[in-house]
Amino acid sequence: MNIELSINGKTYEKEVEPRLLLSDFLRHDLGLTGTHVGCEQGVCGACTILFDGEPIRACLMFAVQANGHELTTVEGLAESQTELHPIQEAFWEAHGLQCGFCTPGFLMTLVPFVEANPNPTEAEIREAISGNLCRCTGYQHIVQAVQIAAQKVHGAA
């Protein structure tokens, strides 16, 4: 089937098998390897991307289902190659990552959350990230990173 979609602001037209997972399309067909594949069941959150601005699990969707939609992957998060997105900066500042495998999924989950929550509580942050698994950090630094990111995004000191 032929599909046309926008990914990170660029339009792609490709022929794909109807059974091709969106995560595999992004990684193998387009080389956008920041979308990680962990559990392949939608549980770990490593494959989270933005689908028309909302976080979704790319391993639970077929590429043909993205036809006509706008996607953002972690590669499209920063505005340039030399400048990090505020959420990426916050993760770096707060040491919110260790091995980094889960980080793209956390970042993409948190983009709309941080935009909608200028001063999130720890409980709200933990609820927001509850669908993303990390085996390294213990989550405390991730929570701190989200608090810093909210300040950065909303211009607080």
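To start, this report covers the structure provided alongside it. (Residues numbered from 1 in each chain as written. Predicted model: local features only at pLDDT ≥ 70, side-chain atom pairs only at ≥ 80, totals over all residues. Heavy atoms only, no water.)

### A look at the overall build of the chain
When helices and strands are counted, the chain shows five helices and five strands. In sequence order, the chain lays out its α and β elements as β-β-α-β-β-β-α-α-α-α. Counting only C-alpha atoms and orienting by the principal axes, one finds that the chain spans roughly 50 × 30 × 25 Å. Relative to its 157 residues, the chain shows a buried fraction of 43%. Pairs at least 24 residues apart make up 57% of the contacts formed inside the chain by residues separated by at least 6 positions. When the accessible area of the chain is evaluated, it comes to approximately 8300 Å², of which 48% is carbon and sulfur surface. (Helix = DSSP H or I, 4+ residues; strand = E, 2+ residues; numbered from the N terminus. Buried < 20%, exposed > 50% of the residue type's maximum accessible area, 1.4 Å probe, protein only. Contact = heavy atoms within 4.5 Å. Areas by Shrake-Rupley, 256 points an atom, 1.4 Å probe, with all protein chains shown as cover.)

### Observations regarding unusual backbone geometry
In this structure, His95 is a non-glycine residue whose phi angle is positive, near 55°. You can see His95 is positioned in the loop between helix 2 (86–93) and helix 3 (103–116). Positive phi is not limited to glycine here, since Tyr139 has a value of about 75°. Position of Tyr139 relative to the elements: it lies in the loop between helix 4 (122–128) and helix 5 (140–154).

### Here we look at the pattern of salt bridges
Evaluated as defined, the whole model comprises three salt bridges. One salt bridge in this structure joins Lys152 and Glu89, with 3.2 Å as the shortest N-O distance. Of the two residues, Lys152 sits in helix 5 while Glu89 sits in helix 2, which places them 63 residues apart along the sequence. Residue Glu89 is classed as partly exposed on the basis of its relative accessible area of 27%. Between Glu93 and Lys152 there is a salt bridge, with its nearest N and O atoms 3.0 Å apart. Pair noted here: Glu93 is in helix 2 and Lys152 is in helix 5, with a separation of 59 residues, a long-range link. (Salt bridge = Lys/Arg side-chain N within 4 Å of Asp/Glu carboxyl O.)

### What about the pairing of strand 3 (residues 48–51)?
Burial of the side chains of strand 3 extends over both faces: Thr48 and Leu50 are buried on one face and Ile49 and Phe51 on the other. In the sheet, strand 3 pairs with strand 4 (residues 54–57) via four bridges, with the strands oriented antiparallel. Looking at strand 4, one finds that Phe51 is bridged to Glu54. The turn joining strand 3 and strand 4, which pair antiparallel and follow one another in sequence, is formed by two residues; a positive phi near 50° is taken by Asp52. (Pairing = 2+ DSSP bridges.)

### Observations regarding the packing of helix 3 against helix 5
Between helix 3 and helix 5, the least distance of the axes is 10 Å, while the angle of their chain directions is 45°. What the angle tells us is that helix 3 and helix 5 run oblique. Note on packing geometry: the crossing formed by helix 3 with helix 5 is right-handed. Residues Phe106, Leu110, Phe113, Val114 and Glu115 of helix 3 touch helix 5, and the partners they reach there are Ile142, Val146, Ala149, Ala150, Val153 and His154. Its residues assigned to classes, the contact of helix 3 with helix 5 shows nine nonpolar, one polar and one charged. (Axes fitted to C-alpha atoms, helices over the stretch in contact; angles between N-to-C directions. Parallel < 35°, antiparallel > 145°, perpendicular 65-115°, else oblique. Left-handed = near helix turned anticlockwise from the far one by under 90°. Nonpolar A, V, L, I, M, F, W, Y, C, P; charged D, E, K, R; others polar.)

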